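Listed here are the chains, written in short residue letters.
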Amino acid sequence: NAGVTQTPKFQVLKTGQSMTLQCAQDMNHEYMSWYRQDPGMGLRLIHYSVGAGITDQGEVPNGYNVSRSTTEDFPLRLLSAAPSQTSVYFCASSYDGNTEAFFGQGTRLTVV
Amino acid sequence: GQSLEQPSEVTAVEGAIVQINCTYQTSGFYGLSWYQQHDGGAPTFLSYNALDGLEETGRFSSFLSRSDSYGYLLLQELQMKDSASYFCAMLNSGGYQKVTFGIGTKLQVIP
């Protein structure tokens with residue numbers, strides 16, 4: 001059972017480049033979220049989804065897009081990377097919002 | 001607005017008991033969760049409280065008081081491997097239900 005799989009694990013981008021962080025889960029969870037983690041800031045919610053076709057913004061959505069065309073996948077798109085987006089990104093999934101969330105291993109992104 | 005507050009750092013002795021407090025503010029509260037994260041790792045779930053009272057899971061317990069907008073995580077018989085960051089997270093409304101995390105408390109267990 002793979003759980004939550006994030007790819008890539010590491011990425012270096014140049015300012016202005018775009019890319020997609022992939023997240024897939026095999027637990028048939030409806031609820032999926034993207035967080036970024038910066039030193040001293042905890043985990044901040046970027047976007048989340050409560051089911052296929054349904055997404056909403058979190059605390060820090062600017063500069064990121066998401067879509068949820070299937071239950072399994074929830075990709076995060078950086079439209080035009082900026083140094084301020086250097087961070088560790090975590091994807092999480094859960095059966096619903098009030099049950100255990102399973103996290104992927106994270107993507108360490110550096111924007112230069 | 002929505003916010004959670006928890007101490008940034010706590011130090012405790014191996015074998016002792018430590019309590020990590022969390023206060024929250026939100027207009028639509030459903031419940032409080034706790035997660036553990038070791039350096040370089042991903043957060044892992046510890047507990048969830050939707051109702052007032054104490055939930056016990058082995059050496060870890062979590063408490064919630066909805067009237068005081070307050071919860072805590074209690075770690076007993078501390079072990080060196082408990083050195084990690086601990087996050088409280090609230091399930092709240094605002095659009096759909098969403099989970100908002102605190103900044104985390106870094107626990108250092110010393111011999």
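Quick notes on the rules
- Once a new chain begins, its residue numbering starts again from 1 and follows that chain's sequence as written.
- Labels are handed out in written order, letters beginning with A for the chains and numbers beginning with 1 for the ligands.
- The predicted nature of this model means local features are confined to residues of pLDDT at least 70 and side-chain atom pairs, given and counted, to a pLDDT of 80 or more, with totals for whole chains, interfaces and linings taken over all residues.
- To obtain the side-chain values, all non-hydrogen atoms of the structure were used and water was disregarded.
- The numbering of helices and of strands both runs from the N terminus, where a helix is a DSSP run of H or I of at least 4 residues and a strand a run of E of at least 2.
- For a compact globule the rule gives 2.2 Å times the number of residues to the power 0.38, and the radius of gyration it is set against comes from C-alpha atoms.
- Any two residues whose heavy atoms approach within 4.5 Å are treated as being in contact.
- Accessible surface is estimated by sampling points in the Shrake-Rupley manner with a 1.4 Å probe; for residues, cover comes only from the protein chains shown.
- Each residue gets one of three labels from its accessible area relative to the maximum for its type: buried under 20%, exposed over 50%, partly exposed in between, using a 1.4 Å probe on protein chains only.
- Here a pair means two rings of Phe, Tyr or Trp (six-membered ring of Trp) with centres within 6.5 Å. Their orientation is stacked below 30 degrees between planes, edge-to-face above 60, and tilted elsewhere.
- In plain words, nonpolar cores are sets of buried Ala, Val, Leu, Ile, Met, Phe, Trp, Tyr and Cys residues tied together by side-chain atoms within 4.5 Å.

A. Representation of the overall build of chain B within the structure. A count of helical and extended segments in chain B gives 0 helices and 11 strands. In sequence order, chain B lays out its α and β elements as β-β-β-β-β-β-β-β-β-β-β. In terms of C-alpha radius of gyration, chain B reaches 14 Å, essentially the compact-globule figure of 13 Å for 111 residues. Over its C-alpha atoms, taken along the principal directions, chain B stretches across nearly 45 × 30 × 20 Å. For chain B, the proportion of contacts with a sequence separation of at least 24, taken over those separated by at least 6, is 56%. Here chain B has roughly 5,200 Å² of accessible surface; of this, 48% comes from carbon and sulfur atoms.

B. Structural view of unusual backbone geometry. Here the residue pair A:T7 and A:P8 is connected by a cis peptide bond, since its omega of -5° sits within 30 degrees of zero. With respect to the helices and strands, A:P8 occurs in the loop between β1 (4-7) and β2 (10-13). Residues other than glycine seldom take positive phi values, yet B:S69 does so here, at roughly 50°. Mapped onto the secondary structure, B:S69 falls in the loop between β7 (60-65) and β8 (70-75). Judged by relative accessible area, which is 26%, B:S69 ranks as partly exposed. Even without a glycine there, the phi angle at B:E77 is positive, about 50°.

C. How the structure looks around the packing of aromatic side chains. Counting across every chain of the model gives 15 aromatic pairs over all chains. Between A:F90 and A:F103, the aromatic rings sit 6.3 Å apart at their centres with planes inclined by 80°, giving edge-to-face as the arrangement. Here A:F103 lies in strand β10 (residues 102-103) and A:F90 lies in strand β9 (residues 87-94), a separation of 13 residues in the sequence. One exposure class covers both A:F90 and A:F103, and it is buried. Through successive ring pairs, a cluster of aromatic residues spans A:Y35, A:F90, A:F103, B:Y35, B:F45, B:F87 and B:F101.

D. Seen up close, the nonpolar core. All names here are of chain B. Grouped together as the largest cluster of nonpolar side chains are 22 residues, with contacts concentrated most on L32, W34, L75, Y86 and L107. Sorting the residues of this core by element identifies β2 (9-13), β3 (18-25), β4 (29-37), β7, β8, β9 (84-92) and β11 (105-110) as the ones contributing at least two each. Those residues in contact with L107 that sit more than four places away from it in its chain are V10, A12, V18, L75, L78, D82, S83, A84 and Y86.

E. View of the environment of A:A52. All names here are of chain A. In this fold, A52 is placed in the loop between β5 (42-51) and β6 (54-57). With a relative accessible area of 40%, A52 lands in the partly exposed category. Here the alpha-carbon distance between A52 and M41, two residues 11 residues apart in the chain, equals 29 Å. Look past the residues within four positions of A52 in its chain and what remains in contact with it is E30, R68, S69, T70 and T71.

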